[in-house]
Amino acid sequence: MRAEGARLYRDLPWRRTREPYIIWLSEVMLQQTQVPRVEGYLPRWLDRFPSVEALAAAPVADVLELWQGMGYNRRALALREAAGQIVSRFDGVFPHDTAELVSLPGIGPATAQGIRAFAFDLPGVYLETNVRTVFLHHFFPDVPGVPDRELIPLIEQTCPAAPEGALGRDSVPDELHAVPQDALDTPRSWYYALLDYGAYLKKTIPNPSRRSAGHVRQSRFEGSRRQKRAEVVRLLLAARDEGLPGLAFDDVRARLDAFEATAGRDPVAVDEVEAILTALAREGFCAESDGVWAIA
């Protein structure tokens, strides 16, 4: 597996750094988003929000506006909320402890272990979809419904130990940053190898990750409630760009119906628009004041 990872190594922008902020962003952005899109998008994000402090201080509307086109707006809100906690709870210093990482909004076990491995070179079970693909392919060929509990011990046993002096970019000599990551037997290089080999397997054979017990086929986006939510957020951002204080409920509904009509779909029921706005407000996307809805 290590040899295949070295042969298939992808020189991606977030692999040229050990800065936890950038690695965290890449881990979150790559969730349900293709690599080429993240490659083009991450530099724009860093231009606008170059540090965790800048992101923590940014208005919700600015964060959501820049996020448009990436999908799953909740990720953008979670990034901003987590940045605020990193500043307030950890004085702006990115934590490396697993429990501290998963206590932050939007950071689950896989994201936490990705940050630990790629920013701090610390071992752990990084059970990402491409990693899962490799272990299913090699250890469970043709076995359906494999639970993650069967994979975790194998991943744990094969992950290299942390190199001496690991725990952050400041402990790593500068000259190592230019060395291809697959040349070093570390958690960082090992997981990069697994990611690249897993991506290759998905393109060349029937996707082994579909044989995972936890595999869920992504629901259709077109016409879904999720698409309507995303469109309402976009409409409220557009109203802000138009210089409007927000949109009245009837305006939100009319604009949403116009969007649906362009796709040949029926108007949205009043109670569904109400439910979408209520849910978005509860989650921190928008707020209502004097009958006007606006981005929070």
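Remember, it's a predicted structure, so these values are computed and weren't measured experimentally.

Two aromatic rings are characterised by how far apart their centres lie and by the angle between their planes. This model, assessed by the stated rule, comprises ten aromatic pairs. Relative to W24, the ring of Y21 has its centre 6.1 Å away and its plane inclined at 55°; by these criteria the two rings are tilted. Here the residue Y21 and the residue W24 both occupy positions in helix α2 (residues 20-29), the gap between them amounting to three residues, near one helical turn. Across the pair, exposure class does not vary: Y21 and W24 are buried alike. Note on W45 and W67: the rings are 5.7 Å apart at their centroids and 85° apart in plane angle, and the pair reads as edge-to-face. Taken together, the residues span a long stretch of sequence, with W45 in helix α3 (residues 35-48) and W67 in helix α5 (residues 60-67) at a distance of 22 residues.

Opposite charge on two side chains makes pairing possible when the charged atoms of those side chains draw close. Inspection of every chain in the model, using the stated rule, returns 17 salt bridges. In this structure, the salt-bridge partner of D257 is R253, at a minimum N-O distance of 3.9 Å. Residue D257 and its partner R253 are located together in helix α13 (residues 249-262), separated by four residues, close to a single helical turn. Classification of R253 by relative accessible area gives partly exposed; the value is 27%. For the salt bridge of R265 with E260, the shortest nitrogen-to-oxygen distance reads 2.8 Å. Since its relative accessible area comes to 23%, R265 is described here as partly exposed. Here E260 falls in the buried class, since its relative accessible area comes to 1%. Salt bridges sharing common partners tie together R48, D62, E65 and R240.

What counts as what
Residues numbered from 1 in each chain as written. Predicted model: local features only at pLDDT ≥ 70, side-chain atom pairs only at ≥ 80, totals over all residues. Heavy atoms only, no water. Phe/Tyr/Trp six-rings, centres within 6.5 Å; stacked < 30°, edge-to-face > 60°. Helix = DSSP H or I, 4+ residues; strand = E, 2+ residues; numbered from the N terminus. Buried < 20%, exposed > 50% of the residue type's maximum accessible area, 1.4 Å probe, protein only. Salt bridge = Lys/Arg side-chain N within 4 Å of Asp/Glu carboxyl O.

Fair warning: the whole summary comes from geometry, so function is off the table for now.
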